[in-house]
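The residues making up each chain are set out below.
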Amino acid sequence: MRSSNPVFSRRGFSRDNGYAGFNAAPQAGAPVAGANPYAQGTAANPYATNPYAQQDVQQGAPQAPARSGAMTIDDVVTRTGMTLGTVVLTAALSWALLPVDEANLGKSYGIAIGAALIAFVLSMVQAFKSKPVPALILAYAAFEGVFLGVISSAVSTYISPGTVMQAVMGTMCVFAGVLVAYKMRWIRVTRRFYGFVMAATLGFVLLMMVNLLFTVFGGGDGLGFRSGGLGILFGVIGIILGACFLALDFKQVEDGIAFGAPREESWLAAFGLTLTLVWIYLEMLRLFSILNGDD
């Protein structure tokens, strides 16, 4: 299993069987080699314990029993709760301890930007690790929470006290909606879907970076993608992309469970889900900030 987020994907997309739901097992008659990165004894499986298992499968011999210590949905829920809990805790602490009044605004913003940069570096270090490192993931969550806490406090102070709660509720609604749609098989996660989401996200991020450069060197709002009608449009697009990433995350969690990924892989699942939810929250916060700021 791997993270669905663009720069954090380390392992191959495991299944492409159209519609998918939780607790689904590999399809009967599907090719063994190459289709499942966690299947016992396949050449594509880095966790295989029997080098002769593929030959046995080809000769019709029964496969080895499932590996012990495989990832479960409880593992994913527990690790995700730990990472999100860390984000919420540090966000609450930074909100309380880093005031955004006129006297302390510059200092608080400086700490928030520093925390965001550290979080980015930690996430990149984890991205290039062959295995998940829980300490890195929790440290990322802690520094990300500091950034979110200061930004949320500033939005609540200078735009509208209800904006943050609206963003939180909006994020929860997107998560619940995508989860229901995925379990009901209304969302079809395929390689084509994956490629489209990655391409769209790359274009979106590049466009936002160009807008940032115009803002820094040209002043004002750059190309206008962060305010007004265009800001609302791109905020909605960002939320839709985040919802697509949730679908990819659910698919990869399902595949990891169905194919017996090692338990440590649940940390990568938690990492990917946390990244996606932070993305959605920030886009929600920006969208509601524009809407409430126009009142």
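Residues numbered from 1 in each chain as written. Predicted model: local features only at pLDDT ≥ 70, side-chain atom pairs only at ≥ 80, totals over all residues. Heavy atoms only, no water.

**Student:** Help me out: how do you make sense of the environment of G229 in this one?
**Tutor:** With respect to the secondary-structure elements, G229 resides in helix α7 (residues 228–258). C-alpha separation for the pair G229 and L291, spaced 62 residues apart in sequence, amounts to 9.6 Å. (Helix = DSSP H or I, 4+ residues; strand = E, 2+ residues; numbered from the N terminus.)

**Student:** Mind showing me how you'd approach the pattern of salt bridges here?
**Tutor:** Pairing between side chains becomes possible if they bear opposite charge and their charged atoms approach one another. By the definition in use, this model includes four salt bridges. Between D75 and R263 there is a salt bridge, with its nearest N and O atoms 3.2 Å apart. Pair noted here: D75 is in helix α2 (residues 73–97) and R263 is in the loop between α7 and α8 (265–293), with a separation of 188 residues, a long-range link. A relative accessible area of 9% places D75 in the buried class. Of the charged contacts, one joins K251 and D255 as a salt bridge, the two residues approaching to 3.0 Å between their closest N and O atoms. (Salt bridge = Lys/Arg side-chain N within 4 Å of Asp/Glu carboxyl O. Buried < 20%, exposed > 50% of the residue type's maximum accessible area, 1.4 Å probe, protein only.)

**Student:** It is not clear to me how the environment of E144 should be interpreted in this structure. Could you clarify?
**Tutor:** Checked against the element boundaries, E144 lands in helix α4 (residues 134–158). Among the residues examined, E144 registers a relative accessible area of 10% and is labelled buried. Distance from E144 to T86, taken between C-alpha atoms, is 9.2 Å for residues 58 residues apart in sequence. Other than its neighbours up to four places away in sequence, E144 contacts A119 and V278. (Contact = heavy atoms within 4.5 Å.)

**Student:** What should I look at first to understand the nonpolar core in this one?
**Tutor:** Y140, V174, V178, L246 and L248 are the most contacted members of the largest nonpolar core, which totals 52 residues. Among the secondary structure elements, those contributing two or more residues to this core are α2, α3 (105–127), α4, α5 (163–183), α6 (191–218), α7 and α8. Here this core gets twelve residues from one element, more than from any other, and that element is α8. Excluding residues within four positions of it along the chain, V174 makes contact with I239, A243, L246, I280 and M284. (Core = buried A, V, L, I, M, F, W, Y, C linked by side-chain atoms within 4.5 Å.)

**Student:** Explain the packing of α3 against α4 here, please?
**Tutor:** Describing two packed helices takes the angle between their axes plus the distance from one axis to the other. In the contact formed by α3 and α4, the axes pass within 8 Å of each other and the chain directions differ by 150°. Accordingly, the angle class assigned to the pair α3 and α4 is roughly antiparallel. In this structure, α3 meets α4 at a crossing whose hand is left-handed. In terms of residue class, the contact of α3 with α4 is built from 20 nonpolar, three polar and one charged. (Axes fitted to C-alpha atoms, helices over the stretch in contact; angles between N-to-C directions. Parallel < 35°, antiparallel > 145°, perpendicular 65-115°, else oblique. Left-handed = near helix turned anticlockwise from the far one by under 90°. Nonpolar A, V, L, I, M, F, W, Y, C, P; charged D, E, K, R; others polar.)

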